[in-house]
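For reference, the chains in residue letters:
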Amino acid sequence: MSRAQVVLVGIGFAGREAVEVLAHQDVDVLVLDRYNYHTFYPLLYQVAIAGVGPDEVAYPARALVSKYPNVRFRMAEVTGLDLAGRTVLTDKGPVPYEYLILAAGSRPDFFGLEGVARAAFPLDNINDAISMRNHILECFERASTETLLERRRELLTFVIVGGGPTGVELAGALAELQRHTLRSDFPDLSLDQVRIVLIEMLDTVLPLYAESLQNYARRKLEQMGVELILGTAVEDATCHSVDLEDGQTIDAQTVIWAAGVRARLSEALPFETDGRGGMIVDETLQIPEHPQTFVAGDMAHLLGPDGKPYPQLAPVATQQGEHAAKNILRLVRNEPLQPFRFKDRGTMTTIGRAAAVAEVYGRQLTGLTAWLLWLAVHIFTIMGFQNRLLLLIHWAYDYFRYAPGARIIVGVRRECPPEPDDGGTFETLSQSVDATLR
Ligand SMILES: Cc1cc2nc3c(=O)[nH]c(=O)nc-3n(C[C@H](O)[C@H](O)[C@H](O)COP(=O)(O)OP(=O)(O)OC[C@H]3O[C@@H](n4cnc5c(N)ncnc54)[C@H](O)[C@@H]3O)c2cc1C
């Protein structure tokens, strides 16, 4: 009898867990991903601020699957689905499936703000992180020889949009890079002109955390020199300025977007979605009326017991990837499927050296304890022994020496894309970065 064919789209958090479940089982698995590596997103911001190198937050997809005889990998970008023909459409040709797990994650959502999409740096993949790192370091290099005070200020103003975990982590890390490392790298540059501005449309940062943790994070960021602008949204941006809803304009050559994401492939797939592109699944993670199709992670829309959709976080994706794969095995064996139940162990965000917030099993932690826990969890969950070891060495070295080693301008560079009325075609920063790589 022939074995069931499972196609898995995306080797992210959900995908890597699904592979572990399906390995050595009575199914053949083909993993598709547009990149040939798994990305550990929670540490991507560290690449962007020169804390670690890009290979420390990535793991080769083929190394991940090659230990399993029934799992294969193909680097291919999924572009659509032929439901009637049970075929995944990709840029490398069609791929037939019997069972399908969609786990392609999410992408930045600029909420229709075209100027912002053009000018802002997103943090969606490793290329984005490298291009952001190059740009930040280049701003300091250019400021060191800039004689016009206004232009120097513009070069040294860094605006981060979005006060969620990514925005807070970036703002804190940038403040530390500037305060401890770049001060000695640029002895002739007055770094008192550096402005790091964090903008959040709500009245607080880290809105998903308890109020006491939000207040701790605010205090800590302010102590580190981060300027908080709360309760107002970004309306527009160019490569030289940011306009806020309350009428303020900030002159800055760096705008970083960390304000929202949208499920990937939502426009390309023939399934019902929610407002942020999440594919509506039932409790078993199947698309209603398409029992062979499962969705896991950021792409899935499923309500939790509190009536709210599960958040787009790594632990949710990990558990859903595992659950979808287990349900496929149940389906193959004609066993009843099980509903997904999330086991919430907690969440944490780092702000800076010895400063973090954590909610773990209902307990609230701040400061050094939360920070050590954050370090331990990230070391433990990143893929690959070598990555763990390198991270440990880098973080320990950096902790005592304040000298992150990845402060080099290399690879992906980005020029400011032309404004549409300059006769240029509209493209987001990611698109222009991708174009330089081809
Ligand atoms: C910068 C950043 C920081 C984050 N920090 C945290 C954090 O600290 N804690 C936390 O819990 N969560 C964090 N998250 C969220 C977390 O990373 C996501 O919830 C999680 O990655 C979702 O897992 P997933 O498997 O659904 O998708 P992903 O992990 O994003 O994996 C999707 C995979 O699909 C591939 N793919 C995408 N499109 C296609 C296509 N068309 N064809 C083929 N392959 C495709 C991608 O290359 C990728 O490998 C962060 C996210 C970002 C962007």
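Being a predicted model, the structure only gives us computed values, none of them experimental.

Caption draft 1: Spatial organisation of a nonpolar patch on the surface. The grouping of Phe385, Leu389, Leu392 and Ile393 at the surface amounts to a nonpolar patch, some 430 Å² of accessible area in total. Position of Phe385 among the secondary structure elements: in helix H11 (residues 385–401).

Caption draft 2: Just the sheet that holds strand S23 (residues 346–352), in detail. Taken in spatial order, the 3 strands line up as S23-S24-S25 in an open sheet, and their pairing is antiparallel. In this open sheet, the two edge strands, each paired with only one partner strand, are S23 and strand S25 (363–366). Across the sheet, the axes of successive neighbouring strands diverge by a mean angle of 5°, strand direction being ignored. Judged from the 4 bridges that link them, strand S24 (residues 355–360) and S25 form a sheet pairing that is antiparallel.

Caption draft 3: Just the site of the ligand, in detail. The local shell around the ligand holds 28 residues, among which Ala14, Asp33, Val78, Asp298 and Ala314 are the closest. Note that an oxygen atom of the ligand is positioned 3.1 Å from one of the backbone N or O atoms of Phe13. Bound to the protein, the ligand loses 91% of the 990 Å² it would expose on its own. The set of elements that each furnish at least two residues to the shell around the ligand consists of helix H1 (13–22) and helix H9 (314–332). With 3 residues, H9 is the single largest residue contributor to the shell around the ligand. Class assignment for the residues of the shell around the ligand results in 17 nonpolar, 6 polar and 5 charged.

Caption draft 4: How the structure looks around the packing of aromatic side chains. Counted under the stated rule, the structure contains 8 aromatic pairs. Between Phe13 and Phe40 the ring centres are 5.6 Å apart and the planes differ by 45°, which places this aromatic pair in the tilted class. You can see Phe13 sitting in helix H1 and its partner Phe40 sitting in the loop between strand S3 (37–39) and helix H2 (44–48), a full 27 residues away along the chain. Accessibility assignment for this pair places Phe13 and Phe40 in one class, buried. By way of ring pairs, the aromatic residues Phe110, Phe111 and Trp257 are connected into one cluster.

Caption draft 5: A look at the layout of surface pockets. A volume near 450 Å³ is recorded for the second largest pocket. What lines the second largest pocket is a set of 25 residues, among which Gln46, Glu176, Arg353, Trp371 and Asp398 lie closest to the centre. Breaking the lining of the second largest pocket down by element, the ones donating at least two residues are H2, helix H7 (165–185), S23, helix H10 (367–381) and H11. A total of 6 residues in the lining of the second largest pocket trace back to one element, the largest contributor, which is H7. Classifying every residue of the lining of the second largest pocket gives 15 nonpolar, 6 polar and 4 charged.

Caption draft 6: Quick look at the state of the cysteines. Under the definition given, this model contains 0 disulfides. Cys139 takes part in no disulfide bond, and the closest cysteine sulfur to it belongs to Cys239, at a distance of 11 Å.

Caption draft 7: Representation of the pattern of salt bridges within the structure. Per the counting criterion, the structure on display carries 12 salt bridges. When the shortest N-O distance is used, the salt bridge between Asp26 and Arg3 registers 3.0 Å. Of this pair, Asp26 sits in the loop between H1 and strand S2 (27–33) while Arg3 sits in the segment before strand S1 (4–9), and the two are 23 residues apart along the sequence. On the accessibility criterion, Asp26 (54% relative accessible area) is exposed. Looking at Arg3, the relative accessible area reads 30%, which means it is partly exposed. Arg264 serves as the salt-bridge partner of Asp124, at 2.8 Å between the closest nitrogen and oxygen. Within this pair, whereas Asp124 is found in the loop between helix H4 (114–119) and helix H5 (126–143), its partner Arg264 is found in the loop between strand S18 (261–263) and strand S19 (279–280), the two being separated by 140 residues in sequence. Residue Arg264 is classed as buried on the basis of its relative accessible area of 14%. Sharing partners across several salt bridges, the network here consists of Arg3, Asp26 and Asp28.

Caption draft 8: Inspection of a negative patch on the surface at higher detail. A contiguous patch of negative charge on the surface is contributed by Glu235, Asp236, Glu245 and Asp246. Position of Asp236 among the secondary structure elements: in strand S14 (residues 234–237). The exposure class of Asp236 is partly exposed, given its relative accessible area of 34%.

Caption draft 9: Representation of the side chain of Gln320. By the element assignment, Gln320 lies in helix H9. Assessed through its relative accessible area of 1%, Gln320 is described here as buried. Leaving out residues up to four positions away in the same chain, Gln320 has contacts with Leu285, Ala296, Gly297, Ala300, Leu302, Tyr310 and Phe340.

Caption draft 10: Representation of the side chain of Asp298. Mapping Asp298 onto the fold places it in the loop between strand S21 (290–295) and strand S22 (300–301). Buried charge without a partner: Asp298 forms no salt bridge, and the closest opposite charge is Arg276, 6.8 Å away. In this structure the side chain of Asp298 is engaged in a polar contact, spanning 2.7 Å, whose partner is the side chain of Ser106. Dropping the residues within four chain positions of it, Asp298 is found in contact with Gly105, Ser106, Ala263, Arg276, Gln312 and Leu313.

Basis of the calculations
Residues numbered from 1 in each chain as written. Predicted model: local features only at pLDDT ≥ 70, side-chain atom pairs only at ≥ 80, totals over all residues. Heavy atoms only, no water. Patch = residues over 30% accessible without salt bridge, like charges linked within 9 Å, V, L, I, M, F, W, Y side chains within 5 Å. Areas by Shrake-Rupley, 256 points an atom, 1.4 Å probe, with all protein chains shown as cover. Salt bridge = Lys/Arg side-chain N within 4 Å of Asp/Glu carboxyl O. Helix = DSSP H or I, 4+ residues; strand = E, 2+ residues; numbered from the N terminus. Pairing = 2+ DSSP bridges. Axes fitted to C-alpha atoms, helices over the stretch in contact; angles between N-to-C directions. Near = heavy atom within 4 Å. Polar contact = N/O pair within 3.5 Å; in protein donor to acceptor, adjacent residues only side chain to side chain. Nonpolar A, V, L, I, M, F, W, Y, C, P; charged D, E, K, R; others polar. Phe/Tyr/Trp six-rings, centres within 6.5 Å; stacked < 30°, edge-to-face > 60°. Buried < 20%, exposed > 50% of the residue type's maximum accessible area, 1.4 Å probe, protein only. 1 Å grid on protein atoms, 1.4 Å probe; cavity = no way out; pocket = protein on both sides within 12 Å on 5 of 7 lines; lining within 4 Å. Points joined across faces, edges and corners; volume = space filled by probe spheres on them. Disulfide = S-S within 2.5 Å. Lys, Arg positive; Asp, Glu negative; His and termini not counted. Charge placed at Lys NZ, Arg CZ, Asp CG, Glu CD. Contact = heavy atoms within 4.5 Å.

Nothing here speaks to function; it is all geometry.
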